[in-house]
Amino acid sequence: MSFPERFSKLPEYAFPRLRRLLDSHAPGGEVIQMTIGEPRHAFPPWVAQVVADHASEFGKYPPNEGTPELRQAMADWVARRYGVTLDPDTQIMGLNGTREGLFNAAVALCPEAKTGRTPAVLTPNPFYQVYAVAALSVGAEPVYVPATAETGFLPDYAALPPEVLDRTTIAYLCSPANPQGAVASREYWADLVALAEKHDFRIFADECYSEIYRDTPPPGALEVATARGADPERLLIFHSLSKRSNLPGLRAGFVAGGPRSIAAVKQLRAYSGAPVPLPLQRAAEMVWAEEVHVEQNRALYHRKYDIADRVFAGVEGCGAPQAGFFLWLPVADGEEAALTLWRETGVRVLPGAYLSREVDGENPGRSYIRVAMITDNEDELQRGLESIRDCLMS
Ligand SMILES: Cc1ncc(COP(=O)(O)O)c(C=O)c1O
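In this text the structure is predicted, and so the values were computed from the model without any measurement.

This paragraph deals with the packing of aromatic side chains. Applying the stated rule across the entire model yields 17 aromatic pairs. When the ring of Y13 is compared with that of F15, the centres are 6.1 Å apart and the planes differ by 65°; the resulting orientation is edge-to-face. Joined through ring pairs, the aromatic side chains of F127, Y128, Y131, Y144, Y172, F204 and F238 make up one cluster.

The structure is reproduced here in structure tokens:
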């Protein structure tokens, strides 16, 4: 029996790898989970009632691209948040969470070759792992571009050789970034759009952390590209209710972009996709339309940022991020640090290297740990962060 070569070099997924690293050792104290980015704040309580009210619609196949009402609610949200008007019929579609969209859009839109050569797909390094799998699935070369302290924790795509940029078909960019919490400025997005125009590639903007920030809403790729008068086909944006509304289990996100690109994604998903069940689409529609719970959620994250800032005051390179809910903390060796922390304190964090790839002998995540500030218990958060500081930073 044969297996495909193209995935043979994929590292083991981060969480089984972490279990292998830690689980043969006993925790050194109260177990505090800070590994997975699964929000634990409450989701709006009325969501369950909306699902119940529409339960009979579990008896129907759901529309692939989302109901007209859901697409309208998502387009209204984009208009409120970014001041850009999208046609809900042609420029936006519901997704079963952004992860499948980030994958399927590459399958739908990455050409087989560019200028007669293997396409390149650019991804920040470290990165959300689906970007690399999408690239490999379409026979493209994933190009891992360091997003380190030296580059403001965002990739410097413009520094790539023109030979790579000329065969680039897609550049993924996550802002606010997982894991570093960096936010792409308007200038960053404008420069990236200009680079994409010069070398004729698409940008896939993964913005699922856009609603979790300190004071200023992170600028959106769409508002910048629209203000520049860019071709709408140049950019796809991906958004989700997972972080904004603490509904990772609802599996509700969307992709928006140019009508031709969206038509291609719709068509592919009509054949192979798993649309969101109708009662959940009804709930998602209501959740996109409501901002009060989003503001309350953000207020809880502000309190967490304050706790992190206080705990790490004076510790070089540490403290809360600009946005998102991860801390990306410098240590000597991320794996060693995660193991020591677990054995000495019971706090579980993710080694940075599990989110990044080694290129030319360098792994930009190796000397970091990622700490997810997801617990809904502030005392527990404080204890966890203090353990990290006292065990690893002193
Ligand atoms: C950077 C990033 N993009 C996309 C996703 C996918 O989220 P979902 O599929 O729940 O929308 C996640 C989830 O953790 C993420 O961290």
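Here we come to the site of the ligand. Within the structure, the ligand sits among 14 residues, and T98, D206, Y209, S240 and S242 are positioned closest to it. Within the side chain of S242, an N or O atom sits 2.6 Å from an oxygen atom of the ligand. The separation between an oxygen atom of the ligand and a polar side-chain atom of R251 is 2.7 Å. In the complex, the protein chains occlude 92% of the 400 Å² of accessible area that the ligand would expose alone. The site holding the ligand turns out to be the largest pocket. Contributing elements (two or more residues each) for the shell around the ligand: α4 (98-109) and α9 (241-244). Top element by residues in the shell around the ligand is α4. It accounts for three residues. Its residues assigned to classes, the shell around the ligand comprises five nonpolar, five polar and four charged.

Turning to the nonpolar core, a few remarks are in order. Counting 55 residues, the largest nonpolar core has V78, Y157, W189, F254 and W288 as its most contacted members. No other element matches the seven residues that helix α7 (residues 186-199) contributes to this core. Other than its neighbours up to four places away in sequence, F254 contacts M74, W77, V78, I92, M93, G94, L95, T98, I237, F238, H239 and W288. Among the nonpolar cores identified, the runner-up in size contains 43 residues, and L22, V315, A337 and A372 belong to it.

It is worth spelling out the layout of surface pockets at this point. Size it by volume and the largest pocket reaches roughly 570 Å³. For the largest pocket, the lining is made up of 28 residues, of which Y13, G37, R99, Y128 and K243 are closest to its centre. Sorting the residues of the lining of the largest pocket by element identifies α1 (14-22), α4 and α9 as the ones contributing at least two each. Looking at the lining of the largest pocket, the element that brings in the most residues is α4, giving three residues. When its residues are assigned to classes, the lining of the largest pocket shows 15 nonpolar, seven polar and six charged.

Here the focus is the environment of K114. Note that K114 resides in the loop between α4 and β3 (120-125). Separated by 86 residues in the primary sequence, K114 and D200 have C-alpha atoms spaced 10.0 Å apart. Among the polar contacts listed, one links the side chain of K114 to the backbone oxygen of D166, at a separation of 3.3 Å. At 2.9 Å, the side chain of K114 and the backbone oxygen of D200 are in polar contact.

The next subject is the side chain of E380. Its place among the elements puts E380 in helix α14 (residues 378-392). Despite its burial, E380 pairs with no opposite charge; the closest candidate is R383, at 4.9 Å N-O. Aside from chain neighbours lying at most four places away, what touches E380 is E30, I32 and T375.

Pairing within the open sheet is antiparallel, and its three strands lie in the order β9-β12-β11. In this open sheet, the two strands that pair with only one neighbour each are β9 (326-330) and β11 (350-351). One ladder, built from five bridges, connects β9 with strand β12 (residues 368-372); its direction is antiparallel. In the strand pairing of β12, L327 is matched with V371.

Of all five residues that make up strand β6 (residues 202-206), four are buried, and the element is covered over most of its length. Note: strand β5 (residues 168-174) against β6, five bridges, orientation parallel. The partner of C174 across the bridge, within β6, is D206. For the crossover that starts at β5, traverses α7 and ends in the parallel β6, the hand is right-handed. In terms of handedness, the path from β6 via helix α8 (residues 221-227) over to strand β7 (residues 235-240) forms a crossover that is right-handed.

Along α1, the residues that are buried comprise A14, F15, L18, L21 and L22. All buried residues of α1 fall inside an arc of 115° around its axis, so they share one side. Buried positions along α1 lie against α13 (334-345), β10 (347-348), β11 and β12.

Procedures and definitions
- Residues numbered from 1 in each chain as written.
- Predicted model: local features only at pLDDT ≥ 70, side-chain atom pairs only at ≥ 80, totals over all residues.
- Heavy atoms only, no water.
- Phe/Tyr/Trp six-rings, centres within 6.5 Å; stacked < 30°, edge-to-face > 60°.
- Near = heavy atom within 4 Å.
- Polar contact = N/O pair within 3.5 Å; in protein donor to acceptor, adjacent residues only side chain to side chain.
- Areas by Shrake-Rupley, 256 points an atom, 1.4 Å probe, with all protein chains shown as cover.
- 1 Å grid on protein atoms, 1.4 Å probe; cavity = no way out; pocket = protein on both sides within 12 Å on 5 of 7 lines; lining within 4 Å.
- Sits in = over half its atoms within 2 Å of the grid points.
- Helix = DSSP H or I, 4+ residues; strand = E, 2+ residues; numbered from the N terminus.
- Nonpolar A, V, L, I, M, F, W, Y, C, P; charged D, E, K, R; others polar.
- Core = buried A, V, L, I, M, F, W, Y, C linked by side-chain atoms within 4.5 Å.
- Buried < 20%, exposed > 50% of the residue type's maximum accessible area, 1.4 Å probe, protein only.
- Contact = heavy atoms within 4.5 Å.
- Points joined across faces, edges and corners; volume = space filled by probe spheres on them.
- Lys, Arg positive; Asp, Glu negative; His and termini not counted.
- Salt bridge = Lys/Arg side-chain N within 4 Å of Asp/Glu carboxyl O.
- Pairing = 2+ DSSP bridges.
- Right-handed = clockwise from strand over helix to strand, strands pointing away.
- Arc of directions from axis to C-beta.

Taken by themselves, the reported measurements are silent on function.
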